[in-house]
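Inside the fold
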Amino acid sequence: MNVVVLVKQVPDTATRIKVSSGGVEIDPRGVNYVMNPYDEFAVEEALRVKELHGGQVTVLTVGGEKADEALRTALAMGADEAVRVSADAKDPLTTARAIASVVRELGPDLVIAGKQAVDDDQGQVGSLVAALLDWPQVTVVTELELSPEGGVAEREVEGGVEVVEFSLPAVLTAQKGLNEPRYASLPGIMKAKRKEIRQVAVDAAVTGEPVLRTTALHVPEERSAGIILRDMDAAALAKELVRLLHEEAKLI
Amino acid sequence: MDFALAPEDRMVAETVRDFAQTEIAPGAAERDRDGIFDLEIFRKMGELGLLGLPIAERYGGAGGTYLQYAIAVEEVSRVCASTGLSFAAHVSLGVGSLNLLGSEQQKERYLVPAARGEFLAAFGLTEPGAGSDAGGTRTVARAVEGGFVLSGAKSFITNAVSAGVTVVTAVTDPGKGTRGITAFLVPRGTEGFHPSAAYDKMGMRASETAEIELRDVFVPDDAMIGGRGEGLHGFLEVLDAGRISIGAIGVGIAQASLDASLRYAGEREQFGSKIGSFQAIQFKLADMAMEVEMARTLVQKAAWLKDQHQPFGQVSAMAKLFASEAAMRAASQAIQIHGGSGYIREYPVERYLRDAKLLEIGEGTSEIQRLVIARGLGLR
C-alpha cells in the first residue's frame, strides 16, 4: 500500500510572530520552523500503514528549499522518499492543484494530510486535493483500519464519533489522537541527510490563478490589564462595579 | 566563519528536546529526592540512538558528530543533569575509550552493543588516593600466565554498577610513574570485581556513582586497551573529549536556571508589579543569558574543533571550566530570584545548584582546568 503524506513547514507555535512590512505576511526572520503538528500524525499513520501492509511512504511538500527540513524530519521518522514541489502556489486552491497533479503522477493508494496547518488554519488543502482528484475523502480522522480495497475510519464529530467506510484510493486528514507520533531516531536523522529529495516543478498552467488574496494580517491588539475589585463589602463592590462599567468601560 | 547549526544539528536538538521533555523530565525531582538511577530511561535513550550518537554506524552508532552529541547532552541536562552525567560518562569516557583505543575485536565485543544502548560503559580512573593526581594510582595489575590480576579500589566511578563493561586503570610497571599505568576492560560479573553505589551525594543523585573493589580480578591479555603503560597518557584525548560533555551539562543547567527564573519573574508579584519588571531582576537575567550564550559557544567550538580533527584540549578545558562555573552562578542567581521559594524543593532551582557543584569537581577540578590552560600558554 503506497501512501503519500502531505506536509507543511510552519512556525513553531512557541515563536513570537511579527507581521512583515508589507502587512500581508509574517516576518520570517528569527522564526523557528517545524513540521505542522497535525502532519506528524499523518506521517506516523502512513508509517504504521506501511508496517502493516507493506509499500512505500512518500512525503510531499510545496515550497522552497527551506521546506526540505520538514521533509527530512519525515525521512528521519522513516519515510522512504521525499518530493518537494515548486509551484507558484498563492492560496489553498493553487497549492492543491499543484499537489493533485503530482499525486496523480505518483498514483498512491492513499493520501494522508494533517487536518489543518497551524499557521494559517485554512484546513482546505487536503479536501481540495481530494476534490480535484475526485477521490473519497475522510476528514478529522482519529482511527483508521485498512484492507486492500478500502478502509474504515473513525472521525471526531461534535460530542461523539462517526464511523465511515471508504474505497481506495482516498484522501484522509489526520486529527490529534489518531496515534502517538514516533521520534525521529538519531541514526534516522543521519540517514535522512543522505537521502535525495526529488524536486518537481509544476508550472503556472497547472496551478492556475488564485481565488483568495490576503489583504491584511494583524496580530491581536494588546489588551490592558484587568481590574480586580477587593477589600469592599458586597454593596460597595456592586456600586463600584456599576460605576466602572458605566464610566470607564461605557458598557452600561 | 559560520555560527549557524546545520539543519540536521537542529533536528537532533529538537528531537532530543522533545524526548527529554516527555521521557526524562517527568520524575526528575523524585529521582533526585530518592537517589534513583532509572535504567529504563537509558533503555529508551538507546532506542533513540543517543547512547552511540557520535559513533560510526558500522560500530553500532548513529554516525553523528561530537557537536550533535554536545547539543544532546545539553538538552538532556536541561531537564535532568543526573541523566546528562551518566549519558556523558557512558559516551565520552566508556564508549569514547573503546572507539578511540579499542582493537577491532574489543570494538566488536563491547563498542557495538554499548553504542546500540544494550549496556552502559564506565571508566574507572579515580581512586581514594588518586584524584587530580593520577600518579597516585594504587590499583595494581600483576602479570600472570595468560593475563593480569587486578587488585585495589576505585572511587566515584559513574555507571559502574550497571555498566556492561568498565575501563579500569592499574599500575603494571611500578617505578615508571604515570608511564607505568595500563588500562583494562573488565566486563560486568567478572569474579572479584565488586562495584557498589554506596554514596549519599549532595547532587547528581539520580546518576549512578560507584565504589569498586577489585579483589584478585583476572583479565586475559586481550583485555588490555590502549597499550601497556598508556593507561593515562593514551587516554588524554578521551579525557579532553569528556570535558566537552561536562561543559555541555553546565550549559544545560545554566539554561534551565534561566528558563525557571524567567518564568518565575513573569509570575511573581511584589510591590504591585511582576518582579521581572524590576531592573535588579532584569540585570540578573541579562547576565545569566549572556553566560549561557558564552558557555554554549565555547562548548560548541570545542566540539567543532574535535569534529574537524584539530587540537581541542585547550578549548575543551576552557569550555568545561567556564560552563561549570557559569552553571554555578546561574543556579545560585536563580535561587536568589526565587527568594525563599528557591530554597525549598517545590521549585527545581535548588537541585540545579547541587547538581552544578559536581561539574567544578568531576573530570578535572576547576583548578586542574586552569592548570591545563596555563600550560597551554607555555607556562610551567
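Counting starts from 1 at the beginning of each chain's written sequence and moves along it residue by residue. The naming scheme follows written order: chains are lettered A onward, ligands numbered 1 onward. Where local features are concerned, this predicted model is filtered to residues with pLDDT of at least 70; where side-chain atom pairs are given and counted, the filter is 80 or more; whole-chain, interface and lining totals use all residues. Excluded from the side-chain calculations are hydrogens and water; all other atoms, namely the structure's heavy atoms, are used.

Examining the overall build of chain A
Spelled out, the test is: Put simply, DSSP marks the helices as runs of H or I at least four residues long and the strands as runs of E at least two long, and each gets a number from the N terminus on. As a reference, a globule follows 2.2 Å times the number of residues to the power 0.38, and the radius of gyration itself is taken over C-alpha atoms. Relative accessible area decides the class of each residue, using a 1.4 Å probe on protein chains only: under 20% of the type maximum gives buried, over 50% gives exposed, and in between gives partly exposed. The contact criterion used throughout is that any non-hydrogen atoms of two residues lie within 4.5 Å. The accessible surface values rely on the Shrake-Rupley method and a 1.4 Å probe; as for residues, cover is taken only from the protein chains in view. Neither His nor the chain ends is counted toward charge; the positive residues are Lys and Arg and the negative residues Asp and Glu. Here the site of a charge means NZ on Lys, CZ on Arg, CG on Asp, or CD on Glu.
For chain A, the helix and strand inventory stands at seven helices and eleven strands. Relative to a compact globule of 252 residues, whose C-alpha radius of gyration would be 18 Å, chain A shows 23 Å and is clearly more extended. Taken along its principal axes, the extent of the C-alpha atoms in chain A is 75 × 45 × 40 Å. Burial status across chain A gives 41% buried among its 252 residues. Considering only residue pairs separated by 6 or more positions, chain A has 70% of its internal contacts joining residues 24 or more positions apart. Accessible surface computed for chain A: about 14100 Å², of which carbon and sulfur atoms make up 49%. The average position of the 27 basic charges and that of the 40 acidic charges among the side chains of chain A differ by 6 Å.

Some words on the interface of chain B and chain A
Formally: Accessible area, probed at 1.4 Å, shrinks when two parts are joined; the buried area is that loss added up over both. Just to be clear on terms, a salt bridge is a Lys or Arg side-chain nitrogen sitting within 4 Å of an Asp or Glu carboxyl oxygen. Identification of polar contacts relies on pairs of N or O atoms within 3.5 Å, with a donor-acceptor requirement for protein atoms, meaning one able to donate a hydrogen and the other able to accept it, and with residues adjacent in sequence counted only if both atoms are side-chain atoms.
The interface of chain B with chain A comprises 21 residues on the first partner and 17 residues on the second. Roughly 1500 Å² is buried in total at the junction of chain B and chain A, and carbon and sulfur atoms are behind 64% of that figure. The interface formed by chain B and chain A contains three salt bridges. In this structure, Arg10(B) and Glu69(A) form a salt bridge, with 2.6 Å as the shortest nitrogen-oxygen distance. Taken together, chain B and chain A are joined by five residue pairs in polar contact (both at pLDDT 80 or more).

Observations regarding the environment of Pro92(A)
Residues and elements named next belong to chain A. Checked against the element boundaries, Pro92 lands in helix H3 (residues 92–106). The spacing of Pro92 and Gln124 is 32 residues in sequence and 6.1 Å in space, taken between C-alpha atoms. For Pro92, the residues in contact, after removing those within four places along its chain, are Gln122, Gln124, Val125, Leu128 and Leu212.

What to know about unusual backbone geometry
At the junction of Leu168(A) and Pro169(A), the peptide bond is cis and its omega measures out at -5° in the coordinates. Tracing the backbone through its elements, the reader meets Pro169(A) in the loop between strand S9 (160–167) and strand S10 (170–174). Located in the positive-phi region is Asp216(B), a residue other than glycine, with phi close to 45°. For Asp216(B), the location among the structural elements is in strand S7 (residues 209–220).

Here's the deal with the pairing of strand S4 (residues 165–171) of chain B
All names here are of chain B. Filter applied, for reference: When DSSP locates at least two bridges between a pair of strands, those strands are taken to pair.
Burial within S4 is extensive, with seven of its seven residues counted as buried. Here S4 shows two buried faces, one formed by Val165, Val167, Thr169 and Val171 and the other by Thr166, Val168 and Ala170. Pairing of strand S1 (residues 121–124) with S4, which is carried by four bridges, proceeds in the parallel orientation. Counterpart to Ala122 in the pairing with S4 is Thr166. Note that S4 and strand S5 (residues 181–187) share seven bridges and pair antiparallel. Residue pairing for S5: Val171 is matched across the bridge by Ile181.

Quick look at the packing of aromatic side chains
All names here are of chain B. Rules: Stacked, tilted and edge-to-face are the three classes assigned to paired rings of Phe, Tyr and Trp, where Trp is represented by its six-membered ring and a pair needs centres within 6.5 Å; plane angles under 30 degrees give stacked, over 60 edge-to-face, the rest tilted.
Within the structure shown, the criterion is met by ten aromatic pairs over all chains. Ring centres of Tyr69 and Phe87 lie 5.6 Å apart, and the angle between their planes is 85°; on these two criteria the pair is classed as edge-to-face. In this pair, Tyr69 sits in helix H4 (residues 66–79) while Phe87 sits in helix H5 (residues 81–101), placing the two residues 18 residues apart along the sequence. Each member of the pair Tyr69 and Phe87 is classed as buried.

What about the sheet that holds strand S1 (residues 3–6) of chain A?
All names here are of chain A. The line we're drawing: Think of each axis as a best-fit line through the C-alpha atoms, taken over the contacting stretch in the case of a helix, with angles from 0 to 180 degrees between the N-to-C directions.
Taking strand neighbours across the sheet as the criterion, the nine strands line up as S9-S8-S7-S10-S6-S1-S4-S5-S11 in an open arrangement whose pairing is mixed. At either end of the open sheet lies a strand with only one pairing partner, and these are S9 and strand S11 (197–201). Taken pair by pair, the neighbouring strands of this sheet meet at an average axis angle of 35°, ignoring direction. Bridge analysis of strand S7 (residues 137–146) against strand S8 (residues 150–157) gives five bridges, and the strand direction is antiparallel. From the neighbouring strand, Val141 faces S8, where its bridge partner is Arg155. The strands touched by helix H1 (residues 37–53) within the sheet are S1, strand S4 (57–62), strand S6 (110–114), S7 and S10, with S6 carrying the most contacts at an inclination of about 150°.

Some points on the packing of H5(B) against helix H7 (residues 236–265) of chain B
All names here are of chain B. Our working definition: Working definition: roughly parallel below 35 degrees, roughly antiparallel above 145 degrees, roughly perpendicular at 65 to 115 degrees, and oblique for all remaining angles. Left-handed describes a crossing in which the near helix is turned anticlockwise from the far one by less than a right angle; the clockwise case is right-handed. Residues are grouped as follows: nonpolar covers Ala, Val, Leu, Ile, Met, Phe, Trp, Tyr, Cys and Pro; charged covers Asp, Glu, Lys and Arg; every other residue, Gly included, is treated as polar.
At their nearest, the axes of H5 and H7 sit 9 Å apart, and the two run at 160° to each other. Between H5 and H7, the interaxial angle falls into the category roughly antiparallel. As H5 packs across H7, the resulting crossing turns out to be right-handed. Contact residues: H5 offers Ala81, Gly84, Leu85, Ala88, Ser92, Leu93, Gly96, Ser97, Leu100 and Leu101, while H7 offers Glu237, Val238, Leu239, Ala241, Gly242, Ser245, Ile246, Ile249 and Ile253. Looking at side-chain class alone, the contact of H5 with H7 contains twelve nonpolar, six polar and one charged residues.

Thoughts on the confidence of the model for chain B
How we decide: A residue's pLDDT is the predictor's confidence in that residue, given on a scale from 0 to 100.
Overall, the predicted model of chain B reaches an average pLDDT of 97, with 100% of residues at or above 70. Per the prediction output, this complex has pTM 0.88; the corresponding ipTM is 0.84.

Comments concerning the domain arrangement of chain A
The condition is simple: Those domain boundaries reflect an automatic or database domain assignment.
The domains assigned to chain A are domain 1 (3–207) and domain 2 (225–252). Taking only C-alpha atoms into account, the centre of domain 1 of chain A sits 51 Å from that of domain 2 of chain A.

Concerning helix H10 (residues 349–359) of chain B
Residue and element names in this part refer to chain B. Burial analysis of H10 places eight of its eleven residues in the buried class, which makes it a mostly covered element. For H10, the full list of buried residues reads Val349, Glu350, Arg351, Tyr352, Arg354, Asp355, Ala356 and Leu359. At its buried positions, H10 is contacted by helix H2 (28–34), H4, H5, H7 and helix H9 (313–338).

Describing the pattern of salt bridges
Counted by the stated rule, this structure contains 38 salt bridges over all chains. Several salt bridges converge on common partners, so that one network encompasses Glu44(A), Arg48(A), Glu51(A) and Arg182(A).

Some thoughts on the side chain of Gln106(B)
Residues and elements named next belong to chain B. Inspection of the secondary structure puts Gln106 in helix H6 (residues 104–116). Residue Gln106 is classed as buried on the basis of its relative accessible area of 6%. Apart from the residues lying within four places of it in its own chain, the contact partners of Gln106 are Leu98, Leu101, Leu111, Leu185, Asp222, Ala223, Met224 and Ile225.

A closer look at H5(B)
Residue and element names in this part refer to chain B. What counts, and what does not: The length a helix should cover is 1.5 Å for every residue beyond the first. Bend is the name given here to the angle between axes fitted to two runs of seven residues, the run ending at a residue and the run starting at it.
Its 21 residues give H5 an end-to-end C-alpha distance of 28 Å, which sits within 8% of 30 Å, the value for a rise of 1.5 Å per residue. For H5, the principal kink sits at Val95 and spans about 35°. Counted residue by residue, H5 has 18 buried out of 21 residues, so it is predominantly covered.

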